[in-house]
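Structural characterization, general
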Amino acid sequence: MVSLVRDHPILCLLALSTALRIALAASLPLTPDEAYYRLWSFEPAFGYADHPPMVAWLMAVSRPVFGDSPLALRLPFILLYLPLTAAVFETAQTLFNSQVIARRAALWLNASLLLSFGSIFATPDGPSTVLWALTVLAIAKLAVLGFNDHPETCIWWMVIGELAGLGVLAKYTNLFLGAGLLVWLLVTPAGRRWLKTPWPYIGGALALIMVAPNLYWNATHDWLTLHKQFGRAVAHAFVPRYLGELLVTQGVLINPAIAGLAALAVVHLSRFPQMRSGVSLIACLAAPALLYALFHALHDRVQGNWLSPLFPLFTLLAAVAATTGRSPWLRRLVWPLAIILGGMATTYLLAPPASEQRLDHWKALAIDLRAQAHRTHAGFVATSAYGLTAELLYGKPEGTAPVIAIAEASRYGFDPTLTTYASLAGQRGMIVVPAKAELDLSLCFDELRPLRSLPNDPLTEARSGLLLYTGRLTTPACDLKPLK
């Protein structure tokens with residue numbers, strides 16, 4: 001056993017970490033977002049209100065084969081860690097020609113809090129990160145070959161285009177990788193020579209072809225996803241406190257020691273002449289996303305998962321700095337910090353503090369709401385929060401009251417049954433809304449009566465709780481907007 005671990009440390013760590021992720025994924029119920037993406041998987045399409053379609057496609061492949069359990073829905077996302085590790089290892093080998101750097105980078109992927117625990121959940125970030133890493137690998141292969149007209153280099157341009165396009169179908173964050181590639185082309189002599197050939201443009205055309213179905217879907221749905229995602233970029237105020245929050249949270253999520261080593265690799269670039277081109281390439285590819293995150297942090301919060309595609313790049317940079325002897329004390333802190341942070345994350349997921357909601361509270365809430373609907377002879381349960389709607393629909397017993405969404409109808413365009421109320425008009429039902437939603441329920445219901453309230457709703461952003469009403473549906477289509 002000792003010799004196996006010594007000779008194949010990456011394979012052993014992958015086997016152990018994958019087994020732990022599978023165990024955690026099997027023990028945790030679906031989050032509201034996962035339950036929402038699950039609804040998408042029943043109606044595979046080229047686009048949805050919130051994200052591009054890759055997350056739904058993966059669930060749509062997994063669910064019929066492995067079942068509808070949380071583990072079955074999450075399994076493709078857990079397994080994506082395998083090609084991610086392979087891509088990072090091969091990228092390090094390609095750029096730095098070092099088995100030591102390649103091994104260290106591949107192993108340290110498992111020391112990153114967000115990458116390790118984020119892969120447990122079925123979100124767009126998993127495929128986005130893997131496709132970013134595979135695209136970087138293809139760019140690295142091209143960079144090492146240098147400028148020439150050999151057929152192999154032309155093929156790499158087409159591979160880059162196809163992988164980059166698939167990455168955008170996972171998450172629009174991957175557009176920043178295209179911007180990073182352009183930066184590299186503009187600042188390097190070989191890159192500027194490539195720009196005088198048709199190949200970068202052929203690669204770009206292939207990426208556009210891959211993304212075209214999602215663009216067409218947006219064009220036929222009032223540019224719904226693009227408005228939602230790119231609307232965040234508009235600055236409405238100057239709030240500098242988010243900048244400090246960004247630096248702290250990202251440092252913790254990647255692993256503080258890895259973050260420090262990655263910064264050293266860039267700051268001391270001149271001290272690594274044999275690795276300068278590889279480090280410069282990685283820095284160019286990461287720069288646009290990092291600069292945008294810094295800009296966004298000046299007016300709004302940068303969510304912790306937004307920069308996850310960059311974490312494999314930071315791990316590569318950290319491995320370079322560690323292997324060239326920079327700050328050995330930081331190198332020694334990587335695994336102790338990983339164990340401490342990983343233990344805290346596992347404890348939080350399985351047994352959060354009393355002030356926080358457990359992920360399994362949704363199940364008890366769903367049972368409670370269904371029982372309440374049965375006691376009041378409700379013909380339906382109406383909800384205004386997408387997470388609550390999705391959680392109530394997941395595992396809904398046969399014969400229980402149907403669940404309908406009464407707000408943000410655009411989220412449910414993939415499933416007409418959620419927005420077609422003709423058969424329910426005139427029936428009395430139970431209405432469940434967040435206490436702070438401030439919706440004018442009289443626009444869709446009459447005979448409204450308060451039923452009860454539930455504190456600390458675990459499923460929506462409204463921590464103030466849920467309000468329950470009974471009422472008669474008066475319209476065949478209901479799409480309530482918050483009161484001004």
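Look a little higher up for the structure.
Presented here is an overview of the structure given in this document.

Definitions and limits used
Residues numbered from 1 in each chain as written. Predicted model: local features only at pLDDT ≥ 70, side-chain atom pairs only at ≥ 80, totals over all residues. Heavy atoms only, no water. Helix = DSSP H or I, 4+ residues; strand = E, 2+ residues; numbered from the N terminus. Rg over C-alpha atoms; globule rule 2.2 N^0.38 Å. Buried < 20%, exposed > 50% of the residue type's maximum accessible area, 1.4 Å probe, protein only. Areas by Shrake-Rupley, 256 points an atom, 1.4 Å probe, with all protein chains shown as cover. Lys, Arg positive; Asp, Glu negative; His and termini not counted. Charge placed at Lys NZ, Arg CZ, Asp CG, Glu CD. Pairing = 2+ DSSP bridges. Axes fitted to C-alpha atoms, helices over the stretch in contact; angles between N-to-C directions. Salt bridge = Lys/Arg side-chain N within 4 Å of Asp/Glu carboxyl O. 1 Å grid on protein atoms, 1.4 Å probe; cavity = no way out; pocket = protein on both sides within 12 Å on 5 of 7 lines; lining within 4 Å. Points joined across faces, edges and corners; volume = space filled by probe spheres on them. Patch = residues over 30% accessible without salt bridge, like charges linked within 9 Å, V, L, I, M, F, W, Y side chains within 5 Å.

1. Description of the overall build of the protein chain
- Counting its secondary structure elements, the protein chain contains 21 helices and five strands.
- Relative to the globule expectation of 23 Å for 484 residues, the C-alpha radius of gyration of the protein chain, 24 Å, shows essentially globular dimensions.
- For the C-alpha atoms alone, the extent of the protein chain along its principal axes is close to 75 × 50 × 50 Å.
- Scored against the burial criterion, the 484 residues of the protein chain give a buried share of 50%.
- Summed over its atoms, the accessible surface of the protein chain is roughly 21600 Å², and 66% of this surface lies on carbon and sulfur atoms.
- In the protein chain, the 35 positive side-chain charges and the 28 negative ones have mean positions that sit 10 Å from each other.

2. Points about the sheet that holds strand E5 (residues 466-473)
- A sheet is described by the order of its strands in space; here five strands give the open sequence E2-E1-E3-E5-E4, paired in mixed fashion. The open sheet has two edge strands, strand E2 (403-405) and strand E4 (445-454), and neither has a second partner. Neighbour to neighbour, the strand axes of the sheet diverge by 25° on average, direction disregarded.
- Alignment of strand E1 (residues 381-383) against strand E3 (residues 428-434), held across three bridges, turns out to be parallel. The residue of E3 that forms the bridge with Val381 is Met430.

3. Re the pattern of salt bridges
- Tallying each qualifying case throughout the model produces 13 salt bridges.
- Among the ionic pairs, Arg38 bridges to Asp68, the shortest N-O distance being 2.9 Å. Here Asp68 lies in the loop between helix H4 (54-66) and helix H5 (70-79) and Arg38 lies in helix H3 (residues 32-41), a separation of 30 residues in the sequence.
- The salt bridge partner of Glu447 is Arg472, with a shortest N-O separation of 3.4 Å. Of the two residues, Glu447 sits in strand E4 while Arg472 sits in strand E5, which places them 25 residues apart along the sequence.
- Judged by relative accessible area, Glu447 falls into the partly exposed class, the value being 43%.

4. Things to note about the pairing of E3
- Buried residues dominate E3, accounting for six of its seven residues.
- Both E3 and E5 contribute to a ladder of seven bridges, which runs antiparallel. What sits directly across from Ile431, in E5, is Tyr469.

5. As for unusual backbone geometry
- In this structure, Asp222 takes a positive phi of about 60° despite not being glycine.
- The phi dihedral of Asn255 falls on the positive side, at around 110°, and the residue is not glycine.
- On the basis of relative accessible area, Asn255 is assigned to the buried category, the value being 0%.

6. Side note on empty space enclosed by the protein
- In total, this model carries one cavity of 30 Å³ or more according to the counting rule given.
- Here the largest cavity is characterised by a volume of approximately 30 Å³.
- Val88, Thr91, Ala133, Val136, Pro312, Leu313 and Leu316 together form the lining of the largest cavity.
- Of all the secondary structure elements, the ones that give two or more residues to the lining of the largest cavity are helix H6 (81-96), helix H9 (125-145) and helix H18 (311-323).

7. Structural notes on a nonpolar patch on the surface
- Among the surface-exposed residues, Leu182, Val183, Leu186 and Val187 lie close enough to one another that they form a single nonpolar patch of about 320 Å² accessible area.
- Relative to the helices and strands, Leu186 resides in helix H11 (residues 175-187).

Read these as spatial facts, not as claims about activity.
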